[in-house]
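# Observations on the model geometry
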Amino acid sequence: GAVVSQHPSWVICKSGTSVKIECRSLDFQATTMFWYRQFPKQSLMLMATSNEGSKATYEQGVEKDKFLINHASLTLSTLTVTSAHPEDSSFYICSASRMKADSQPQHFGDGTRLSIL
Amino acid sequence: QKEVEQNSGPLSVPEGAIASLNCTYSDRGSQSFFWYRQYSGKSPELIMFIYSNGDKEDGRFTAQLNKASQYVSLLIRDSQPSDSATYLCAVNVEDDKIIFGKGTRLHILP
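Residues numbered from 1 in each chain as written. Chains lettered and ligands numbered in written order. Predicted model: local features only at pLDDT ≥ 70, side-chain atom pairs only at ≥ 80, totals over all residues. Heavy atoms only, no water.

## Remarks on the interface of chain B and chain A
A common way to express how large an interface is: the accessible area buried when the components associate. Taken together, the contact between chain B and chain A spans 18 residues of the former and 24 residues of the latter. The contact between chain B and chain A buries some 1,500 Å² in all, and 53% of this surface belongs to carbon and sulfur atoms. Linking chain B with chain A are one salt bridge, by the criterion used here. Of the charged contacts, one joins Glu59 of chain A and Lys97 of chain B as a salt bridge, the two residues approaching to 2.9 Å between their closest N and O atoms. The interface formed by chain B and chain A contains six residue pairs in polar contact (both at pLDDT 80 or more). Sorting the residues of the side of chain B that touches chain A by element identifies strand S4 (33–38), strand S5 (45–50) and strand S10 (97–100) of chain B as the ones contributing at least two each. (Contact = heavy atoms within 4.5 Å. Buried area = accessible area lost by both parts, 1.4 Å probe. Salt bridge = Lys/Arg side-chain N within 4 Å of Asp/Glu carboxyl O. Polar contact = N/O pair within 3.5 Å; in protein donor to acceptor, adjacent residues only side chain to side chain. Helix = DSSP H or I, 4+ residues; strand = E, 2+ residues; numbered from the N terminus.)

## Some details on the confidence of the model for chain B
Low pLDDT means the predicted atomic positions in that stretch should not be read closely. Considering every residue of chain B, the mean pLDDT works out to 94; 99% of them sit at 70 or more. When pLDDT is averaged over each element of chain B, strand S8 (residues 71–76) of chain B comes out on top at 98 and S10 of chain B at the bottom at 89. (pLDDT = per-residue confidence, 0-100.)

## Things to note about the pairing of strand S11 (residues 104–109) of chain B
Regular strands show a simple pattern: their side chains alternate between the two faces of the sheet. All names here are of chain B. Alternating residues of S11 divide into Thr104, Leu106 and Ile108, all buried, and Arg105, His107 and Leu109, none buried. Two elements, strand S2 (residues 11–14) and S11, share four bridges in a ladder whose sense is parallel. Bridge pairing links Val13 to Ile108 in S11. As defined by bridge partners, strand S9 (residues 85–94) adjoins S11 across three bridges and the pair is classed as antiparallel. Considered in S11, the bridge of Tyr87 is made with Thr104. (Buried < 20%, exposed > 50% of the residue type's maximum accessible area, 1.4 Å probe, protein only. Pairing = 2+ DSSP bridges.)

## Quick look at the pattern of salt bridges
Scanning the entire structure with this criterion turns up seven salt bridges over all chains. Of the charged contacts, one joins Glu22 of chain A and Arg24 of chain A as a salt bridge, the two residues approaching to 3.5 Å between their closest N and O atoms. Look at Glu22 of chain A and you get partly exposed, because its relative accessible area is 26%. The partly exposed category is assigned to Arg24 of chain A, whose relative accessible area is 35%. Where Arg60 of chain B meets Asp83 of chain B, a salt bridge forms, and the shortest distance between an N and an O atom there is 2.9 Å. Taken as a pair, Arg60 of chain B in the loop between strand S6 (54–58) and strand S7 (61–66) and Asp83 of chain B in the loop between S8 and S9 lie far apart in primary sequence, 23 residues in all. The class for Arg60 of chain B is partly exposed, based on a relative accessible area of 26%.

The structure is reproduced here in structure tokens:
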């Protein structure tokens, strides 16, 4: 089955630090990857769609200058939380669909738990 | 506003019984429907997906889709304690983008 790897699993850092999270598709090429955020006891909220070779598409209310997304290759997307503050503490999860496969399911990485002190 | 609605639960089901999880969606243009299982503190895991009206079976799981009623369900037969989790219904809204319901917490009683 499709495997999506996400790194790191846990990050604890001081307020004001920038944090980079990597998302890799290990056994397939993904032209599109997705970044979600999940607060405790809430559902997944889509933050942005990461497109290989072009700019990410951000959902309404998500600051693109705060959450920088880079999709440099067909197997790697990165999310950088810039100048993180305690309110950015959350569970960040990426997902990917297989290339050129309409309506194929999204497969999720294991998530990154971010705690800002 | 495109929405996916689920009963938050918890839904308590005796071990060995059938668990029935339901979901409704607002976007009539949706074509793809997914059920994910999420254990506490973990990321979602794909359980089933369905594209056509009717039933789709995979082991102990059956997904049911009724596009006319905008209704998706998931049946879990012979429920096991390991099935206790939050089940997320997801629906595509455009291209590969999907939106999630808030999830139903399922508790299988030993």
